[in-house]
Amino acid sequence: MYDLEDAITSRRSSRLFLRDKPVPQELIDEALELAVRAPSNSNIQPWQVVFASGSARDRLVEALLDEAESSAPKVPKLPEQFDHYRRDTGALVYGAMGIARHDTEGRRIAVLRNWEFFRAPLAGIVCMHRDLDFVDSLGVGMFLQTFLLALTARGLGSCVQVSIAGYPETVRAQLGIPEEMRVLCGLAIGYPDPDFPANGLHIPRNPLAENIRFVQD
Ligand SMILES: Cc1cc2nc3c(=O)[nH]c(=O)nc-3n(C[C@H](O)[C@H](O)[C@H](O)COP(=O)(O)O)c2cc1C
């Protein structure tokens with residue numbers, strides 16, 4: 001049995017996968033059985049996930065790359081006061097890929113890999129019914145983190161991707177996802193490429209006191 005703390009501390013976002021090393025279905029099934037133990041409001045279990053592999057995944061990637069070459073993704077812009085997180089994380093991630101800050105073309109190519117699911121053989125699309133509210137996306141988040149930890153414990157890498165939700169109509173059309181399902185994010189799953197330096201990156205966190213407060217008396 002994999003230790004929970006090991007799974008939590010060794011999970012990280014992988015951004016290049018071994019394209020030709022398939023993901024065993026039994027590992028995904030085991031991880032999903034654990035993930036659905038996540039709590040949710042009124043036990044709605046609001047997560048809906050569509051997985052694409054093989055030629056379905058390749059067609060999806062082709063359509064997404066086509067679109068990404070010609071139009072910007074509809075990803076919500078971060079409010080000004082949070083934007084430094086995006087810049088700092090970008091500097092770390094692209095720096096670890098050996099891409100200099102002002103290398104616009106290098107960044108563009110690296111960013112495009114998002115819509116290739118970073119070459120992962122298994123592509124997930126995480127959805128939630130559009131009539132559900134913010135509180136229910138908490139349930140989806142709890143499911144997702146449990147799923148990621150269970151994948152980590154099985155030696156699999158992953159990356160949650162809002163970038164995929166930037167082209168919801170393409171995703172819908174390719175995978176037959178109905179209108180009433182909101183596309184929340186993508187999920188790349190596979191075996192991380194051990195030779196890709198950015199896969200070893202440990203992104204730092206705020207000191208606890210910046211986000212958490214204890215009030216007594
Ligand atoms: C909701 C969500 C959306 C994300 N979207 C992207 C994305 O589109 N592209 C990407 O490279 N990483 C994406 N990430 C990964 C984050 O950048 C990453 O989780 C964060 O920097 C912390 O790093 P770690 O996961 O390695 O601990 C996303 C993560 C979450 C939870």
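Keep in mind that what you see is a predicted model, and the values were worked out from it rather than measured.

Time to look at the UniProt feature "domain: Nitroreductase" (unreviewed entry) in the protein chain. Taking the UniProt record as the reference, the feature "domain: Nitroreductase" (unreviewed entry) is found at residues 8-191. For residues 8-191, the end-to-end C-alpha separation is 17 Å, with 45% helix and 15% strand making up the annotated structure.

Quick look at the sheet that holds strand S3 (residues 157-161) now. What holds strands together in a sheet is hydrogen bonding between their backbones, with the strands either parallel or antiparallel. Pairing within the open sheet is antiparallel, and its four strands lie in the order S1-S2-S4-S3. Lying at the two open borders of the sheet, with one neighbouring strand each, are strand S1 (48-52) and S3. Recorded for the sheet is a direction-independent mean angle of 25° between the axes of neighbouring strands.

Let us now look at the nonpolar core. A general tendency of soluble globular proteins is for nonpolar side chains to be buried together. In this structure, Leu 64, Phe 117, Ile 125 and Val 171 are the most contacted members of the largest nonpolar core, which totals 24 residues. Looking at this core, the elements that each hand over two or more residues are helix H3 (54-70), strand S2 (122-129), helix H7 (168-175) and strand S4 (181-190). Considering each element in turn, this core owes the most residues, four residues, to H3. Excluding residues within four positions of it along the chain, Phe 117 makes contact with Phe 17, Leu 60, Val 61, Leu 64, Ala 123, Gly 124, Ile 125, Gln 161, Ile 164, Leu 187 and Ala 188. With 22 residues, the next largest nonpolar core counts Ala 35, Val 126, Leu 144 and Leu 148 among its residues.

Another point: the pattern of salt bridges. Applying the stated rule across the entire model yields nine salt bridges. Among the salt bridges present, the one from Glu 116 reaches Arg 119, with a minimum N-O distance of 3.3 Å. The class of Glu 116 is buried, set by a relative accessible area of 15%. Since its relative accessible area comes to 25%, Arg 119 is described here as partly exposed.

The contact between H3 and H7 brings their axes to 10 Å, and the two run at 155°. Considering the angle they form, H3 stands roughly antiparallel to H7. Note that H3 runs across H7; the crossing there is right-handed. On the side of H3, the interface is formed by Arg 59, Leu 60, Ala 63, Leu 64 and Glu 67, while H7 contributes Thr 170, Val 171, Gln 174 and Leu 175. Residues belonging to the contact of H3 with H7 are distributed by class as follows: five nonpolar, two polar and two charged.

With that settled, consider unusual backbone geometry. Of note, the phi angle at Asn 43 is positive, near 55°, even though the residue is not glycine. The topology assignment puts Asn 43 in the loop between helix H2 (25-35) and S1. For Asp 217, which is not a glycine, the phi torsion comes out positive at approximately 65°. In this structure, Asp 217 sits in the segment after helix H8 (208-211).

Quick look at the packing of H2 against helix H6 (residues 134-153) now. Following both chains from N to C, one finds H2 and H6 inclined at 140°, their axes separated by 8 Å at the closest point. Regarding the angle of H2 to H6, the classification is oblique. Here the hand of the crossing between H2 and H6 comes out right-handed. Note on element contacts: H6 touches H2 through Phe 143, Thr 146, Phe 147, Ala 150 and Leu 151, opposite Ile 28, Ala 31, Leu 32, Leu 34 and Ala 35. Of the residues that constitute the contact of H2 with H6, the class distribution is nine nonpolar, one polar and no charged.

The environment of the ligand is made up of 14 residues, and the closest members are Ser 13, Arg 15, Val 162, Ser 163 and Arg 205. Side-chain polar atom of Arg 15 to an oxygen atom of the ligand: 2.7 Å apart, as the coordinates give it. Between the ligand and the protein, one listed contact pairs an oxygen atom with a side-chain N or O atom of Arg 205 at 2.9 Å. Contact with the protein chains hides 67% of the accessible area of the ligand, taken as 620 Å² for the molecule alone. Looking at the shell around the ligand element by element, the count peaks at three residues for S3. Residue classes in the shell around the ligand are distributed as five nonpolar, five polar and four charged.

The rules behind these values
Residues numbered from 1 in each chain as written. Predicted model: local features only at pLDDT ≥ 70, side-chain atom pairs only at ≥ 80, totals over all residues. Heavy atoms only, no water. UniProt positions renumbered as here; feature names shortened; annotations may be inferred. Helix = DSSP H or I, 4+ residues; strand = E, 2+ residues; numbered from the N terminus. Pairing = 2+ DSSP bridges. Axes fitted to C-alpha atoms, helices over the stretch in contact; angles between N-to-C directions. Core = buried A, V, L, I, M, F, W, Y, C linked by side-chain atoms within 4.5 Å. Buried < 20%, exposed > 50% of the residue type's maximum accessible area, 1.4 Å probe, protein only. Contact = heavy atoms within 4.5 Å. Salt bridge = Lys/Arg side-chain N within 4 Å of Asp/Glu carboxyl O. Parallel < 35°, antiparallel > 145°, perpendicular 65-115°, else oblique. Left-handed = near helix turned anticlockwise from the far one by under 90°. Nonpolar A, V, L, I, M, F, W, Y, C, P; charged D, E, K, R; others polar. Near = heavy atom within 4 Å. Polar contact = N/O pair within 3.5 Å; in protein donor to acceptor, adjacent residues only side chain to side chain. Areas by Shrake-Rupley, 256 points an atom, 1.4 Å probe, with all protein chains shown as cover.

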